[in-house]
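Residues per chain, in single letters:
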Amino acid sequence: MAASNTVASRLAVLVVLTPFLVALWFAAPYVLPMWRWQHMDLEALAKTSGTPLATLEQRYQVVFRHSERGPNDPLSWQLLEMKPEWKDGEEDKLAVRATIVSDRSGEPISAMSLGSGSYKDRYFKAEAWRLPPGAFGFNKHRPVIVFDHQTLEKLGISPAMSWEDTVGSQHSPKWPNDDDAVEDGYVHPEAP
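The rules behind the values
Residues numbered from 1 in each chain as written. Predicted model: local features only at pLDDT ≥ 70, side-chain atom pairs only at ≥ 80, totals over all residues. Heavy atoms only, no water. Helix = DSSP H or I, 4+ residues; strand = E, 2+ residues; numbered from the N terminus. Rg over C-alpha atoms; globule rule 2.2 N^0.38 Å. Buried < 20%, exposed > 50% of the residue type's maximum accessible area, 1.4 Å probe, protein only. Contact = heavy atoms within 4.5 Å. Phe/Tyr/Trp six-rings, centres within 6.5 Å; stacked < 30°, edge-to-face > 60°. Core = buried A, V, L, I, M, F, W, Y, C linked by side-chain atoms within 4.5 Å. Patch = residues over 30% accessible without salt bridge, like charges linked within 9 Å, V, L, I, M, F, W, Y side chains within 5 Å. Areas by Shrake-Rupley, 256 points an atom, 1.4 Å probe, with all protein chains shown as cover. Salt bridge = Lys/Arg side-chain N within 4 Å of Asp/Glu carboxyl O. Pairing = 2+ DSSP bridges. Polar contact = N/O pair within 3.5 Å; in protein donor to acceptor, adjacent residues only side chain to side chain.

> Explain the overall build of the protein here, please?
Within the protein, the secondary structure is distributed over five helices and six strands. For the protein, the α and β elements follow one another from N to C terminus as α-α-α-α-β-β-β-β-β-β-α. What you see for the protein is a C-alpha radius of gyration of 21 Å, clearly larger than the 16 Å of a compact globule of 192 residues, by over 25%. A buried classification covers 37% of the 192 residues belonging to the protein. Restricting the contact set of the protein to residue pairs at least 6 apart, pairs at least 24 apart contribute 66%.

> It is not clear to me how the packing of aromatic side chains should be interpreted in this structure. Could you clarify?
Given two aromatic rings, one states the distance between the centres and the angle between the planes to describe the pair. By the definition in use, this model includes eight aromatic pairs. With a centroid separation of 6.1 Å and 65° between ring planes, the pair formed by Tyr60 and Trp86 is classed as edge-to-face. One end of the pair, Tyr60, is in strand E1 (residues 59-66); the other, Trp86, is in the loop between strand E2 (77-83) and strand E3 (96-102), and 26 residues separate them in sequence. Taken individually, Tyr60 and Trp86 each receive the classification buried, so the pair is uniform in this respect. Here the aromatic residues Phe64, Trp77, Phe124 and Phe147 are joined through ring pairs into a cluster of three or more.

> Help me out: how do you make sense of the side chain of Arg122 in this one?
Of note, Arg122 is situated in the loop between E3 and strand E4 (123-131). In contact with Arg122, other than residues within four places in its own chain, are Phe64, Arg65, His66, Trp77, Gly117, Glu164 and Gln170.

> Please explain the nonpolar core as it appears in this structure.
For soluble globular proteins, nonpolar side chains are generally found buried alongside one another. In terms of nonpolar packing, the biggest core is built from 17 residues, with Val62, Phe64, Trp77, Ile100 and Phe147 touching the most fellow members. Excluding residues that lie within four positions of it along the chain, Trp77 makes contacts with Phe64, Arg65, His66, Val96, Arg97, Ala98, Ile100, Pro108, Ile109, Leu114, Arg122 and Phe124. In terms of nonpolar packing, the next biggest core, distinct from the first, is built from 12 residues, Trp35, Met40, Trp129 and Val144 among them.

> So what exactly am I meant to see when it comes to a nonpolar patch on the surface here?
A surface patch of nonpolar side chains, amounting to about 300 Å² of accessible area, comprises Leu11, Leu14 and Val15. When its relative accessible area of 51% is taken as the criterion, Leu14 is described as exposed.

> Any chance you could explain the pairing of E4 here in plain terms?
Side chains on a regular strand alternate between the two faces of the sheet. For E4, a buried count of seven out of nine residues is recorded, marking the element as mostly surrounded by other parts of the structure. Note that E1 and E4 share seven bridges and pair antiparallel. Residue pairing for E4: Gln61 is matched across the bridge by Glu127. Note that E4 and strand E6 (residues 153-154) share two bridges and pair antiparallel. From the neighbouring strand, Lys125 faces E6, where its bridge partner is Glu153. As paired elements, E4 and strand E5 (residues 144-147) share four bridges and run antiparallel to each other. Bridge assignment links Trp129 to a residue of E5, and that residue is Val146.

> Whenever I open this one, the side chain of Asp121 confuses me. Can you help?
With respect to the helices and strands, Asp121 occurs in the loop between E3 and E4. The residues contacting Asp121, other than those within four sequence positions of it, are Ser113, Leu114, Gly115, Ser116 and Lys154.

> Could you clarify how one ought to interpret the environment of Ser169 in this entry?
Residue placement: Ser169 occurs in the segment after helix H5 (157-167). Separated by 29 residues in sequence, Ser169 and Lys140 have C-alpha atoms that sit 27 Å apart. When near neighbours in sequence (up to four residues on either side) are disregarded, Ser169 contacts Arg65 and Glu164. Among the polar contacts listed, one links the side chain of Ser169 to the side chain of Ser172, at a separation of 3.1 Å.

Here it is, written out as structure tokens:
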């Protein structure tokens, strides 16, 4: 009889814990860098891309903004600043279109975080890794920026306004961008 109670109690614990563990698995990317742990194998990437491992492991302080070229733009983010500078200032005062994703989900910042879409909601800063174009299956023509979600911060109104004044809006840019220099597969719906 005691063995029967033990089996029943273990079965009851299993029935109760299973839904909890399933829910925990799906909730984990909201608080833990699950995508980075599961997919971001920098040693393998160093071997396949020919990029030194030390370069891939380097963390940068980055500032980036949401700047869609048109509807359904898969690369709607522009990298504005990296510290330390990328390749001795090669991208100084250049808005570089990039794949920018979270280390938690492997997805870009959600549309909900963009709020109204005005300049004050489009600028962010974070610590990030810069990976070569095509890393982990992302766009093969644009650099991949994986930001540490724990360090992600939306810029306040004053810094966002300062960046908007410096870089210009997407409709009247002051800095050049690399949209025309790099063909990344995006075709504006109104293009001939």
